[in-house]
Amino acid sequence: MDRGPITEIDLNAVAHNFRAAKRTTGNKTVIAVVKADGYGHGAVEVSKRLINEGVSYLAVAYTSEAIALRRSGIKAPIIVLFDKSNIEDYFKYSLIPVVHDTKTAQRFSKEAKTRKHNINLHIKVDTGMGRLGFNMEDVEKGMSVINKMNFISVSGLMSHFSDAGLSDRAYALMQIDRFNKARNVLAKKAKPVLCHMANSAAVMTLPKSYFDAIRPGLMLYGCSPIQNKVSRGQGAKGSSKSKSLEPSNPQTLEPFLKPAMTVKTKILSIRRFKKGTPVSYGGTFITTRESLIAVLPVGYADGYPRALSNNADVIIRGKRSPIAGRICMDTIMADVTEIRGISEGDEVVLLGRQKNTVITASELAERAGTISYEILTSLGNRSKRVYING
Ligand SMILES: *Cc1c(COP(=O)(O)O)cnc(C)c1O
């Protein structure tokens, strides 16, 4: 979409993060998760680069996402995590379904029989996520039923951690125990299959979870799922004297990751306001001195969270400037009184690096009371994307 902000995606960073995942896990098979248009980075471009780097599988949520990849010429195996609305597409585009119940397996078997075409599927067990998958007590029965179905081969077994940040290690270990139980059940019934469980946090912190393949998403895009805290709510009623907010994670936990996304725009207008001037809807920010306020063409319609009103910074001329007042639909204001030599048209970085200053997705997420996944998909999927190092 051609609006104020532009999202720049560095494909070398994606490749770098992929290699980091490989290195950390001793060269495990990688299933790269590229759902939600590659977490806002563009699934086609990201996948093509990852294939060049040697990725084994791609994973998406919907068959429509997988079809878009196929239409772009991608031939790599694609796992579809839950869509079962169009069974035929799995055959037409040779996709790998994840099956969560015997009824769906039966539908695949029936379609496979009509086509006289065998299909491989992965089975999901719910080890504690409380979302999709066989209940632990139904695993044994489910497996025997599915194994007897015609034209079906079980080629994978998977599960998902309930906590993307794995903050409760004991719970994660319990989930791994259950997964091992399910694996043993399957081992008794069928030939060995590809077992996979590790999301990004597990790749980064839990070698026991690696099994045969890892299934990272977020870390490929250069963000850490491990959350850290930041004080929120500063700056409301903002005085222009209030110093710029501190970066929330100056030293990210995993220095080996390189963020791939930068979101930029250009200053639309610079206003000079007298002391005591309210800025933006509701006048929640009032200047406490004569101030320069930059108006930027980006707002919550572009995926920049309204919760960042008076509660985040942007980078201009390599320095942080605090957001002044409420985030609007298409615009935000930043207090640039302290930025020397500022002029209209100057480049503004909302997410990413400019000179030596960095704003990470985790920082925005913490300030907005959300997670970096939501920041990336909101910003990345709504603005025009450009690729560098493609
Ligand atoms: C999204 C997703 C992943 C990737 O999780 P990250 O935390 O982004 O690494 C892995 N597996 C499943 C089933 C998912 O839905």
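Nothing here was measured: the structure is a model prediction, and the numbers come from that model. (Residues numbered from 1 in each chain as written. Predicted model: local features only at pLDDT ≥ 70, side-chain atom pairs only at ≥ 80, totals over all residues. Heavy atoms only, no water.)

Novice: Describe the layout of surface pockets, naming the residues involved and giving the relevant values.
Specialist: For the second largest pocket, the calculated volume is near 510 Å³. Along the walls of the second largest pocket sit 27 residues, with Lys35, Tyr39, Leu81, Arg131 and His160 positioned nearest its centre. Among the secondary structure elements, those contributing two or more residues to the lining of the second largest pocket are helix 2 (35-40) and strand 8 (194-198). Partitioned by chemical class, the residues of the lining of the second largest pocket number 17 nonpolar, five polar and five charged. (1 Å grid on protein atoms, 1.4 Å probe; cavity = no way out; pocket = protein on both sides within 12 Å on 5 of 7 lines; lining within 4 Å. Points joined across faces, edges and corners; volume = space filled by probe spheres on them. Helix = DSSP H or I, 4+ residues; strand = E, 2+ residues; numbered from the N terminus. Nonpolar A, V, L, I, M, F, W, Y, C, P; charged D, E, K, R; others polar.)

Novice: Please give an account of the packing of helix 1 (residues 11-24) against helix 3 (residues 43-53) that cites residues and values.
Specialist: It is at 10 Å that the axes of helix 1 and helix 3 come closest, and there the two elements cross at 50 degrees. Between helix 1 and helix 3, the angle falls in the class oblique. The two elements helix 1 and helix 3 cross, and the hand of that crossing is right-handed. Between helix 1, through Leu11, Asn12, Val14, Ala15, Phe18 and Arg19, and helix 3, the contact on the second element is made entirely by Glu45, Val46, Arg49, Leu50 and Glu53. Partitioning the contact of helix 1 with helix 3 into residue classes produces six nonpolar, one polar and four charged. (Axes fitted to C-alpha atoms, helices over the stretch in contact; angles between N-to-C directions. Parallel < 35°, antiparallel > 145°, perpendicular 65-115°, else oblique. Left-handed = near helix turned anticlockwise from the far one by under 90°. Contact = heavy atoms within 4.5 Å.)

Novice: Tell me what's going on with the domain arrangement of the protein, and back it up with residues and numbers.
Specialist: According to the domain assignment, the protein contains domain 1 (11-221) and domain 2 (235-370). Spacing between the C-alpha centres of domain 1 and domain 2 amounts to 39 Å. In this assembly, domain 1 packs against domain 2 so that about 810 Å² is buried in total across both faces, 68% of it on carbon and sulfur atoms. On the domain 1 side of the interface with domain 2, the three residues burying the most area are Ala13, His16 and Met204, jointly 44% of the side's total. Counting across the interface, domain 1 meets domain 2 through zero salt bridges. Summed over the shared surface of domain 1 and domain 2, the result is three residue pairs in polar contact (both at pLDDT 80 or more). Those elements that place two or more of their residues in the side of domain 1 that touches domain 2 are helix 1 and helix 2. The element best represented in the side of domain 1 that touches domain 2 is helix 1, accounting for six residues. Taken together, the residues of the side of domain 1 that touches domain 2 break down into seven nonpolar, five polar and no charged. (Domains from an automatic or database assignment. Buried area = accessible area lost by both parts, 1.4 Å probe. Salt bridge = Lys/Arg side-chain N within 4 Å of Asp/Glu carboxyl O. Polar contact = N/O pair within 3.5 Å; in protein donor to acceptor, adjacent residues only side chain to side chain.)

Novice: Describe the site of the ligand, and please don't skip the residues or the numbers.
Specialist: Lining the immediate surroundings of the ligand are 15 residues, of which Lys35, Tyr39, Ser200, Leu218 and Tyr373 lie closest. At a separation of 2.6 Å, an oxygen atom of the ligand approaches a polar side-chain atom of Lys35. Taken by itself the ligand offers 380 Å² of open surface, and the protein chains cover 94% of this. More than half of the atoms of the ligand fall within 2 Å of the grid points belonging to the second largest pocket. (Near = heavy atom within 4 Å. Areas by Shrake-Rupley, 256 points an atom, 1.4 Å probe, with all protein chains shown as cover. Sits in = over half its atoms within 2 Å of the grid points.)

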